[in-house]
Amino acid sequence: MKEIKLEIVTPSKTAFSGAINSISVPGTSGAFQVLYNHAPILSSFEIGVIKISDSNNNELIFATSGGTIEVLENKILILAESLERPKEIDINRAEKAKDRAKERLASKGKEIDQSRAEAALQRAINRIKVSKNYS
Amino acid sequence: MATLRDIKNRIVGVKNTQKITKAMKMVAAARLRRAQENIINARPYSRKITEVLSHLMSLEKQSGNPLLQEREVKKIGLVLVTSDRGLCGSFNMNIINKTISLVNEDFADYKKNDAIELFCVGKKGFDFFKTKNYRIGNGYPGIFSSLNYETAVMLVNEYKTKFLNGDLDKVYVVYNEFKSVMQQNIIVKQLLPILPQTEHQEEKETDYIFEPDKLSIINSLLPRYLNSQMWTLLLDSYAAELGARMTAMDMATENAKELIRTLNIQYNKERQATITTEILEIVSGANALKEQ
C-alpha cells in the first residue's frame, strides 16, 4: 500500500510525524477520510475524533478540539490546538469542566460568554466520549 | 575601625549570600534549558499557522473579519509582559520604563482622555502600576508558575473580547524577546487589529479544494493565530526572564567573590596589626622588667 506522510503539530509539540495509510478527520462540513493520492485540500475541522491507520494498519485515535488540515501531494499537515490520546485524557478533569460549562450556560450571561461556555461543554463531552469509547 | 570578629562575621554573611546567588543561577540555568525546549517545540505550529494564513489571505484580500478591521483609534490597550519574581536585573524595569514612555509620550493624548488601558501580565508590572495613576484593564499575577497554552488563550480572549465589543480599537504588547542568555530585546508589537502578512511568497499556485470555503477557514484560523502568537510571546518572555536572572545572579556571585577577597585582606591586615601590638606590649613589658 502506498503511504502518506503525516505531520500533526500542536502549540506545545509535534504530536505525530510519520507514514500512514489513511486518516479521517471531523471536517467542518462533514467528516472525511484522506487516502493515498487525495486531491489537494485545505479544510478546517471541528471538535471530534481523528482516526489514523498507520503503516502497520494499527488504528490510532486522538481527541481534538479543532484545527486545520492541509493535504498536498501525499503530505498532510494538521494544525490542531489540542490533541490527546484516549489514555492521556484526565476523565475527572473533563467531568468537572463539563459541569462547570453547564453551570455557566444555565446562568444567563453575555452572549460571548455563552458561546464560549458552549464550546467548553462540547470539548468536555468529546473528551469523555473518546476516553470511554477507546481506552 | 572594625574589630576582627566584625570582619569575620561579614565574611560569613557574604559567603552565605554567595551560596544563594550561585544556587539561584543554577536553578535559572536548568529552567532556561526547559524554557528553550518549549520555544523550539512551539515554533513549528506558529510558523505553519502563519504560513497557511498568509497564503490564504493573499488569495482572499477582502475577508471582512472584524479582527483585521482598522478603525479610528479612540481607545488603546497595552499588554505588558513582566515576570512574577524579582532578582533578574533590569528585566522588569526595562518593560516598565518602556511602558511609561509609551503611555506618556507616544500616547499622551490618549492618556489625557483616560483612553488607555494596561493589561499587566506578571506580578512585577501589576504591582508597579496598580498603585500609580494608570487605568488597569486587568492584572495577571502569578501566571508563570503554571504556564500553559490555556493561559495564553485566556489572555487573548480578554483583549479580543474588548476589541470586538469596541472597548478597544488597537492593542499593543510590550515584552522582552529572548535573544540570548545575555541579551534581551524590548519589543513593541501590534496585536490587534491583526496586521496583514507582508511577506507573501509567490509559490506555485496549487488548486486546493477549500472546505467549507476560504473565508470560513480564515475566520477559524485568525483566533488560533492570535492564541499561538501570545503563547510564543509568553514563552519568549519567560526564557528571557530566566536568562536575565542567570546573568544577574552570575554577576552577584562574582561581586561576592570580589568582596570576600577584599574582606579577607582587611581581616589579615587587622590580625597582623593585633599581633604586632601584642608583641610590642610583651617586649616593652620584658624591657621594663630588665631595667629594674
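Residues numbered from 1 in each chain as written. Chains lettered and ligands numbered in written order. Predicted model: local features only at pLDDT ≥ 70, side-chain atom pairs only at ≥ 80, totals over all residues. Heavy atoms only, no water.

The next subject is the overall build of chain A. Along the backbone of chain A there are two helices and seven strands. Mapped in sequence order, the helices and strands of chain A form the string β-β-β-β-β-β-β-α-α. In terms of its C-alpha atoms, chain A occupies a principal-axis envelope of roughly 55 × 30 × 25 Å. For chain A, with 135 residues in total, the buried portion stands at 45%. Expressed as a percentage of contacts within chain A between residues at least 6 apart in sequence, the contacts between residues at least 24 apart total 52%. Here chain A carries 20 positive and 17 negative side-chain charges, and the mean point of each set is 4 Å from the other. (Helix = DSSP H or I, 4+ residues; strand = E, 2+ residues; numbered from the N terminus. Buried < 20%, exposed > 50% of the residue type's maximum accessible area, 1.4 Å probe, protein only. Contact = heavy atoms within 4.5 Å. Lys, Arg positive; Asp, Glu negative; His and termini not counted. Charge placed at Lys NZ, Arg CZ, Asp CG, Glu CD.)

Moving on, we get to the sheet that holds strand E4 (residues 170–178) of chain B. Residues and elements named next belong to chain B. Strand order in this open sheet of five strands is E3-E2-E1-E4-E5, and the pairing throughout is mixed. The sheet terminates laterally at strand E3 (136–140) and strand E5 (184–192), the two strands that pair on one side only. Going from strand to strand, the sheet's axes swing by 15° on average, the running direction of each strand aside. Running over the sheet, helix H5 (residues 149–164) touches strand E1 (76–81), strand E2 (116–121), E3, E4 and E5 and is turned about 170° from E3. On top of the sheet, helix H6 (residues 214–291) reaches E1, E2, E4 and E5; it is set at about 40° to E4, its chief contact. (Pairing = 2+ DSSP bridges. Axes fitted to C-alpha atoms, helices over the stretch in contact; angles between N-to-C directions.)

Note: interface size is frequently given as the accessible area lost on complex formation between the parts. On the side of chain B, 26 residues touch chain A, which itself brings 31 residues to the contact. Counting the surface lost from both chain A and chain B, the interface buries some 2400 Å², and carbon and sulfur atoms represent 61% of this. Taken as a group, Pro11, Leu42 and Glu81 of chain A account for 28% of the area that chain A buries against chain B, more than any other trio of residues on that side. On inspection of chain A and its partner chain B, the count reaches zero salt bridges. (Buried area = accessible area lost by both parts, 1.4 Å probe. Salt bridge = Lys/Arg side-chain N within 4 Å of Asp/Glu carboxyl O.)

Together, Ile275, Ile279 and Val283 of chain B give the surface a local cluster of nonpolar side chains, amounting to about 240 Å² of exposed area. Among the residues examined, Ile279 of chain B registers a relative accessible area of 48% and is labelled partly exposed. (Patch = residues over 30% accessible without salt bridge, like charges linked within 9 Å, V, L, I, M, F, W, Y side chains within 5 Å. Areas by Shrake-Rupley, 256 points an atom, 1.4 Å probe, with all protein chains shown as cover.)

Moving on to the pairing of strand E6 (residues 75–80) of chain A. Residue and element names in this part refer to chain A. Burial analysis of E6 places five of its six residues in the buried class, the great majority of the element. Two elements, strand E1 (residues 4–9) and E6, share five bridges in a ladder whose sense is parallel. Paired with Leu6 across the two strands is Ile76, which belongs to E6. Counted along the chain from strand E5 (residues 59–72) to the antiparallel partner E6, the turn is two residues long, and its residue Glu73 has a positive phi close to 50°.

In this section: the domain arrangement of chain A. Residues and elements named next belong to chain A. Domains assigned within chain A are domain 1 (4–84) and domain 2 (91–134). For domain 1 and domain 2, the distance between their C-alpha centres works out to 24 Å. Contacts between the two partners involve ten residues from domain 1 and, on the opposite side, seven residues from domain 2. A combined buried area of about 680 Å² lies between domain 1 and domain 2, and 66% of that area is made up of carbon and sulfur atoms. Our enumeration of links across domain 1 and domain 2 arrives at one salt bridge. Between the two partners, domain 1 and domain 2, sit three residue pairs in polar contact (both at pLDDT 80 or more). Elements that contribute at least two residues to the side of domain 1 that touches domain 2 include exactly strand E4 (41–54) and E5. Grouping the constituent residues of the side of domain 1 that touches domain 2 by class yields four nonpolar, four polar and two charged. (Domains from an automatic or database assignment. Polar contact = N/O pair within 3.5 Å; in protein donor to acceptor, adjacent residues only side chain to side chain. Nonpolar A, V, L, I, M, F, W, Y, C, P; charged D, E, K, R; others polar.)

Side chains carrying opposite charge are able to pair once their charged atoms draw close together. All names here are of chain B. Taken as a whole and judged by the stated rule, the model has twelve salt bridges over all chains. Across the pair Arg135 and Glu117 runs a salt bridge whose closest N-O atoms are separated by 3.2 Å. Within this pair, whereas Arg135 is found in the loop between helix H4 (123–130) and E3, its partner Glu117 is found in strand E2, the two being separated by 18 residues in sequence. Given a relative accessible area of 35%, Arg135 falls into the partly exposed group. Here Glu258 ties to Arg261 by a salt bridge, and the two come within 3.4 Å at their closest N and O atoms. Within this pair, Glu258 and its partner Arg261 are both found in helix H6, separated by three residues, close to a single helical turn. Bridged by salt links that share partners, the residues Glu117, Arg135 and Lys162 form one connected network.

On to the side chain of Ser83 of chain B, then. All names here are of chain B. Structurally, Ser83 can be placed in the loop between E1 and helix H2 (91–106). For Ser83, a relative accessible area of 0% gives the class buried. A polar contact of 2.6 Å, which involves the side chain of Ser83, links it to the backbone oxygen of Arg85.

Another point: the packing of helix H1 (residues 4–59) of chain B against H6 of chain B. A packed helix pair is summarised by two numbers, namely the angle formed by the two axes and the spacing between the axes. All names here are of chain B. As a packed pair, H1 and H6 sit with axes 5 Å apart at the nearest point and diverge in direction by 165°. Judged on the interaxial angle alone, H6 and H1 are roughly antiparallel. As for the relative orientation of H1 and H6, their crossing is left-handed in sense. Of the residues contributing to the contact of H1 with H6, the split by class is 36 nonpolar, twelve polar and 14 charged. (Parallel < 35°, antiparallel > 145°, perpendicular 65-115°, else oblique. Left-handed = near helix turned anticlockwise from the far one by under 90°.)

Quick look at unusual backbone geometry now. Cis rather than trans, the peptide bond between Leu192 of chain B and Pro193 of chain B has omega equal to -10°. With respect to the element layout, Pro193 of chain B can be found in the loop between E5 and strand E6 (209–211). The linkage connecting Glu211 of chain B with the following residue, Pro212 of chain B, adopts the cis geometry, with an omega of -5°. Counting through the fold element by element, Pro212 of chain B comes out in the loop between E6 and H6. Of note in this structure, Asn37 of chain A is not a glycine but carries a positive phi near 65°. Accessibility expressed as a relative area gives 58% for Asn37 of chain A, which makes it exposed. The phi dihedral of Leu87 of chain B is positive, around 55°, even though this residue is not glycine. Looking at the secondary structure, you find Leu87 of chain B in the loop between E1 and H2. A relative accessible area of 53% places Leu87 of chain B in the exposed class.

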